[in-house]
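Structural overview
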Amino acid sequence: AEQFKTGHKRTLNEKLKGAVAQKLMGMVRLNRTRIDYVERFQVMIDAYNAGSLNAEEFFHQLDAFNRDLSEEERRGVSEQLSEEELAVFDLLTKPPVDMSAADRDRVKVTARKLLVTLKEAKLVLDWRKRQQSRAAVRVTIEKLLDQGLPKAYTPQLFEQKSSAVFQHVYEAYYGAGHSVYTTQ
């Protein structure tokens, strides 16, 4: 903020925009449910490029957006979940599912149990290349979600969520202990 008052405003905005974009892409890589932040960021950039925002307004919006990103990064701590558990939890609860606090806690436990089970037994070397291994991962996801998710999840919602979790696991976990979470 001090540099902005005395320096080259457009240059500083470009540097800040680049830093925020880099931080945002890293966060989305770990948790796809954060894609709405990318859309918000793009709207800001488009407004600035179209001349709807002057340099000072854009700086203040970037600064506020960066604070929102920092708050989102800390949300895992407040939910008492690791980054990878938070990604699964978010897939299961976004858009918001109408449930009690006890049900939310049950979803958290289910997300933790699912990741532990998959990492211990199913996400073996080259699991994505073999159809039988992929099927075993999908069945494990469906079985554990069926056992752990509360009744608020209708059969249709259950199907959507189990497919979303499988897709996330497929994209994020390479096998043999390697994932987007271990290569940060």
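Right above here is the structure, for reference.
Thresholds, definitions, all that
Residues numbered from 1 in each chain as written. Predicted model: local features only at pLDDT ≥ 70, side-chain atom pairs only at ≥ 80, totals over all residues. Heavy atoms only, no water. Salt bridge = Lys/Arg side-chain N within 4 Å of Asp/Glu carboxyl O. Helix = DSSP H or I, 4+ residues; strand = E, 2+ residues; numbered from the N terminus. Buried < 20%, exposed > 50% of the residue type's maximum accessible area, 1.4 Å probe, protein only.

Let's talk about the pattern of salt bridges
Applying the stated criterion to the full structure yields 16 salt bridges. Its salt-bridge partner being Glu79, residue Lys108 comes within 2.8 Å of it at the nearest N-O pair. Of this pair, Lys108 sits in helix H6 (residues 101-122) while Glu79 sits in helix H4 (residues 55-79), placing them 29 residues apart in sequence. Overall, Lys108 belongs to the buried group, its relative accessible area being 12%. Accessibility expressed as a relative area gives 13% for Glu79, which makes it buried. Ionic pairing is found between Lys94 and Asp90, a salt bridge with its closest N-O pair at 3.9 Å. By relative accessible area, which is 0% here, Asp90 ends up buried. Linked by salt bridges that have partners in common, Arg34, Glu72, Arg75, Glu83, Asp90 and Lys94 make up one network.

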